[in-house]
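The residues making up each chain are set out below.
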Amino acid sequence: MSTVQISKDDENKRADTFICEHFKVHSRSFLVKNWEKLVSINGKESKPSYKLRVGDSITVQEDEVDSILSASSYDKIILQDYPLNIVYESDSYIVLNKPKGISVHPGVGNAKDTLANYIAGYLTKKKEYDTTIDRAGVVHRLDKPVSGLMLFAKNSEMQKYLQKQFEKHNVQKIYYAKVILREDTSKEVFEKLPKTKVSATEVIDDFVRTSDLGSEWLKAEGYIGRSSVNRRKMIFKPYPFDNAKYSLSYFRFLSDNEVLVVIKTGRMYQIRASLEYLGIYIEGDTLFQTLKGGETPAAIELESVLLSFEEPSGKLAIYRLK
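All values derive from a computational prediction rather than experimental measurement. (Residues numbered from 1 in each chain as written. Predicted model: local features only at pLDDT ≥ 70, side-chain atom pairs only at ≥ 80, totals over all residues. Heavy atoms only, no water.)

A. Here's a closer look at helix 6 (residues 156-167). With twelve residues, helix 6 ought to run about 16 Å at 1.5 Å a step, and its terminal C-alpha atoms sit 16 Å apart, in line with that. Those residues of helix 6 hidden inside the fold are in contact with strand 5 (93-98), strand 6 (147-153), strand 7 (172-181) and strand 13 (302-310). With a side-chain oxygen lying 3.3 Å from the backbone nitrogen of Glu-157, the N-terminal cap of helix 6 falls on Asn-155. Positive backbone phi, approximately 60°, marks His-169, located one or two places after helix 6. (Helix = DSSP H or I, 4+ residues; strand = E, 2+ residues; numbered from the N terminus. Expected span 1.5 Å × (residues − 1). Contact = heavy atoms within 4.5 Å. Polar contact = N/O pair within 3.5 Å; in protein donor to acceptor, adjacent residues only side chain to side chain.)

B. Representation of the side chain of Asn-117 in the model. Structurally, the position occupied by Asn-117 is in helix 5 (residues 115-125). At 3.2 Å, the side chain of Asn-117 and the backbone oxygen of Ala-111 are in polar contact. Every residue in contact with Asn-117, bar those within four places of it in the chain, is listed here: Ile-77, Ile-78, Leu-79, Gln-80, Pro-106, Ala-111 and Lys-112.

C. Summary view of helix 8 (residues 200-210). Residues of helix 8 that are buried: Ala-200, Val-203, Ile-204 and Phe-207. Taken down its axis, helix 8 places every buried residue within 95° of arc, on the same side. Exposed and oriented more than 90 degrees from the buried face of helix 8 are Glu-202 and Arg-209. As for helix 8, its buried residues are in contact with strand 7, strand 10 (245-255), strand 11 (258-263), strand 13 and strand 14 (316-320). The residue sitting at the N-terminus of helix 8 and contributing the capping side-chain oxygen is Ser-199; that oxygen lies 3.3 Å from the backbone nitrogen of Thr-201. Positive backbone phi, at 60°, marks Ser-211, one or two positions downstream of helix 8. (Buried < 20%, exposed > 50% of the residue type's maximum accessible area, 1.4 Å probe, protein only. Arc of directions from axis to C-beta.)

D. Region of the structure containing the pairing of strand 10. Taking burial as the measure, the eleven residues of strand 10 include nine buried ones, the bulk of the element. As defined by bridge partners, strand 8 (residues 218-226) adjoins strand 10 across seven bridges and the pair is classed as antiparallel. Residue Ile-224 lies in a different strand from strand 10, and its bridge partner there is Lys-245. Connecting strand 10 to the next strand, strand 11, in antiparallel fashion are two residues. (Pairing = 2+ DSSP bridges.)

E. Structural view of the packing of aromatic side chains. As enumerated under the stated definition, the model contains nine aromatic pairs in all. The interplanar angle of 75° and the centroid separation of 6.4 Å between the aromatic rings of Tyr-93 and Tyr-319 together place this pair among those described as edge-to-face. Placement of Tyr-93 in strand 5 and of Tyr-319 in strand 14 is noted, with a sequence separation of 226 residues between them. A relative accessible area of 1% places Tyr-93 in the buried class. Ring geometry for Phe-236 versus Tyr-277: centroids 4.9 Å apart, planes at 50°, classification tilted. Of this pair, Phe-236 sits in strand 9 (residues 234-237) while Tyr-277 sits in helix 9 (residues 270-277), placing them 41 residues apart in sequence. For Phe-236, a relative accessible area of 6% puts it in the buried group. Grouped by ring-pair contacts, the aromatic residues Tyr-88, Tyr-93, Phe-309 and Tyr-319 constitute a single cluster. Lys-237 extends its terminal NZ or CZ atom over the ring of Phe-241, reaching a point 4.6 Å from the ring centre. Just above the ring of Tyr-176 sits the side chain of Lys-322; from NZ or CZ to the centre is 4.3 Å. (Phe/Tyr/Trp six-rings, centres within 6.5 Å; stacked < 30°, edge-to-face > 60°. Lys NZ or Arg CZ within 6 Å of the ring centre and 35° of its normal.)

F. Structural detail: a nonpolar patch on the surface. Taken together, the side chains of Val-87, Tyr-88 and Leu-321 make up a nonpolar region of the molecular surface, amounting to roughly 210 Å² of accessible area. Take Tyr-88: it is sitting in strand 4 (residues 86-89). For Tyr-88, a relative accessible area of 32% puts it in the partly exposed group. (Patch = residues over 30% accessible without salt bridge, like charges linked within 9 Å, V, L, I, M, F, W, Y side chains within 5 Å. Areas by Shrake-Rupley, 256 points an atom, 1.4 Å probe, with all protein chains shown as cover. Salt bridge = Lys/Arg side-chain N within 4 Å of Asp/Glu carboxyl O.)

As structure tokens, then:
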């Protein structure tokens, strides 16, 4: 059992955020699931979303974490063998090229055939699998129909470090999409279409060198929330609405059917919803082809082609497919 008092530096932080930063509680999802067993604030039960005040006393039953993990089936990943396309592997993380049509981690009614299952199986064979790590080392996500570069951590320390880099928007990402212009395509898009085809490799080279998003990039800034027409979809609007969250994306058109995308926020279906607002949809994306939406696609022409972040050592790691 550990107890700390809140200082001015941590005032107004969420309780679950503070605890994950200062205590060994396996993962945020594990903490929230077992909140009542593990946490008390000022000697009372509280909520994970509780905003901390100066002088609050937080008690965490750290010694209970291991016993809860061993006594339950929490986060037990079924080991599976699958030919992973590994781009790079270090002692602490793996970069792989995710195929289209595969989920990142298990969910309700979906316990197998995900990247987490395959990573767990791969590392177990090598006798390198850390069974205490959350969801086999998932750090970030790509939608099931999307392909491209993904990061998996190989230990809890690296997982927390990388997740924090994503939360702080310190990770640079570029996506490549093949798109189709609709009849209602925005005037802004036509203003950004190049007269001759632009090289994706050259644009990415410039971005890696300068991190600059110049005038050639179309900025899509607004809010993304659940669609009232089709609850499986998210929609983009340039103004706040309902429970929508702030969204910021940049688009660089290489031709009238190819585009590079940089996202500065991580909203659900952010790229697809933002493109829909601009009157564009990604090839194969039947869900966002129309406002009403169609079937959920198994694969769309959207690929994560650049992933760059700073390792704990300070070294800049850059991985790319174009």
